[in-house]
Amino acid sequence: MAKRKIITIPHPTLRKKAAKVTAFDEELQGLIDDMVESMREDNGAGLAAPQVNVSQRVIAVEFGSEEDENIPRTLYIVVNPKISAPSQEKVSGVEGCLSVPGLVGEVERPVSVVIKGQTRTGEPFKMKARGWLARIFQHEVDHLNGILFTDRATRVWEPEDEIVDLV
Ligand code: ZN
């Protein structure tokens with residue numbers, strides 16, 4: 001495994017629609033391992049392949065919270081992820097992004113969504129997520145479509161001591 005450089009705005013790869021993964025080969029496995037290492041080294045709670053300058057539909061999410069809903073810290077890798085069944089109920093939250101350093105923003109998103117896709121070996125993947133976990137998945141899937149949280153934010157500012165999960 002090797003840490004890869006996380007690109008930041010205005011790098012053009014962040015604005016491209018990423019390509020569907022069709023080969024679950026060694027190259028993909030190497031990319032995923034590198035994404036996990038890069039996410040952990042930068043203390044991220046999520047990372048999308050375009051953030052390491054690979055325009056493919058792969059995301060990593062690592063999140064858990066003892067206070068919020070008793071979710072044990074878990075690593076999720078989803079290839080070709082799709083968001084469906086968004087709840088009508090929405091909630092505002094403060095997001096930050098490893099690719100948008102120095103800014104956070106308030107973003108309203110559905111409280112729960114279903115994520116469908118494939119595992120790193122190409123098996124079907126499906127789960128329902130709520131709360132922060134749902135927010136991270138939506139943020140990462142946005143990256144695959146060239147969308148940044150600043151596009152959706154109702155308010156963006158430079159934090160002084162805001163503690164947010166960077167994704
Ligand atoms: Zn991000």
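Scroll up to find the structure this text is about.
Residues numbered from 1 in each chain as written. Predicted model: local features only at pLDDT ≥ 70, side-chain atom pairs only at ≥ 80, totals over all residues. Heavy atoms only, no water.

A.B. asks: Teacher, can you tell me more about the coordination of the zinc ion here?
C.D. replies: Each pair of donors in an ideal octahedron of six around a metal sits at 90 or 180 degrees, and each pair in an ideal tetrahedron of four sits at 109.5 degrees. On the protein side, the zinc ion has Cys97 (SG), His139 (NE2), His143 (NE2) and Val167 (O) as donor atoms, found 2.1 to 2.2 Å from it. Taken together, the 4 donor atoms surrounding the zinc ion define angles of 92 to 142° at the centre, an arrangement classified as irregular. Mapped onto the sequence, the donors of the zinc ion take the spacing C-x41-H-x3-H-x23-V. With Cys97 in strand S4 (residues 90–97) and Val167 in the segment after strand S8 (155–157), this residue pair connects regions lying 70 residues apart in the sequence. Comparing Cys97 with Val167, the two get one shared label, buried. (Donors = N, O, S within 2.8 Å, 3.2 Å for Na, K, Ca; no water. Tetrahedral: all angles 85-135°; square planar, octahedral: opposite > 155°, others 65-115°. Helix = DSSP H or I, 4+ residues; strand = E, 2+ residues; numbered from the N terminus. Buried < 20%, exposed > 50% of the residue type's maximum accessible area, 1.4 Å probe, protein only.)

A.B. asks: Can you walk me through the pattern of salt bridges in this structure?
C.D. replies: Proximity of charged atoms lets side chains of opposite charge pair with each other. Overall, the coordinates contain 11 salt bridges when judged by the stated rule. The partner of Glu106 in a salt bridge is Arg155, with the nearest N and O atoms 3.5 Å apart. In this pair, Glu106 sits in strand S5 (residues 100–110) while Arg155 sits in strand S8, placing the two residues 49 residues apart along the sequence. A relative accessible area of 48% means that Arg155 is categorised as partly exposed. Each of Glu95, Arg109, Arg135, Asp142 and Arg152 takes part in one network of salt bridges that share partners. (Salt bridge = Lys/Arg side-chain N within 4 Å of Asp/Glu carboxyl O.)

A.B. asks: Even after reading the chapter, I still don't get the side chain of Arg57, so can you show me in this structure?
C.D. replies: As for its placement among the helices and strands, Arg57 is situated in the loop between strand S1 (46–48) and strand S2 (58–65). Asp142 provides the closest opposite charge to the buried, unpaired Arg57, separated from it by 8.7 Å. Contact partners of Arg57, with chain neighbours within four places excluded, come to Lys17, Ala18, Ala19, Lys20, Val21, Val78, Val79, Asn80, Pro81, Leu144 and Asn145. (Lys, Arg positive; Asp, Glu negative; His and termini not counted. Contact = heavy atoms within 4.5 Å.)

A.B. asks: Could you clarify how one ought to interpret the nonpolar core in this entry?
C.D. replies: Generally speaking, nonpolar side chains in soluble globular proteins are found buried as a group. Counting 21 residues, the largest nonpolar core has Ile59, Val61, Ile115, Met127, Leu133 and Phe137 as the members making the most contacts within it. At the level of elements, S2, strand S3 (71–84), strand S6 (112–118), strand S7 (124–130) and helix H2 (131–144) are the ones that each hand at least two residues to this core. The element that contributes the greatest number of residues to this core is H2, accounting for 6 residues. Apart from residues lying up to four places away in sequence, Ile115 is in contact with Val78, Pro81, Lys82, Ile83, Phe125, Lys126, Met127, Ala129 and Phe137. Counting 17 residues, the second-largest nonpolar core is a separate cluster that includes Met35, Ala60, Ile77 and Val79. (Core = buried A, V, L, I, M, F, W, Y, C linked by side-chain atoms within 4.5 Å.)

A.B. asks: Looking at this structure, I do not really get the sheet that holds S7. What am I missing?
C.D. replies: Strand pairing in a sheet relies on backbone hydrogen bonds. The paired strands run either parallel or antiparallel. The strand order across the open sheet formed by 5 strands is S1-S2-S3-S6-S7, and the pairing between neighbours is antiparallel. Of all the strands in the sheet, just S1 and S7 have a single pairing partner and so form its edges. Here the strands of the sheet are splayed against their neighbours by 30° on average, with no regard to which way each runs. Sitting on the sheet, helix H1 (residues 26–41) touches S1, S2 and S3, and the angle it makes with S2 is about 40°. Across the face of the sheet, H2 comes into contact with S1, S2, S3, S6 and S7 while running at roughly 165° to S2. (Pairing = 2+ DSSP bridges. Axes fitted to C-alpha atoms, helices over the stretch in contact; angles between N-to-C directions.)

A.B. asks: Hey, could you run me through H2 in this one?
C.D. replies: Working note: α-helix, 3.6 residues per turn, so residues spaced by three or four point in the same direction. Between the first and last C-alpha of H2 there are 21 Å, a value that for 14 residues agrees with the 20 Å anticipated at 1.5 Å per step. Among the 14 residues in H2, 12 count as buried, and that is most of the element. Every buried residue of H2 is listed here: Leu133, Ala134, Arg135, Ile136, Phe137, Gln138, His139, Glu140, Val141, Asp142, His143 and Leu144. Backbone geometry just after H2 places Gly146 at a positive phi near 75°. (Expected span 1.5 Å × (residues − 1).)

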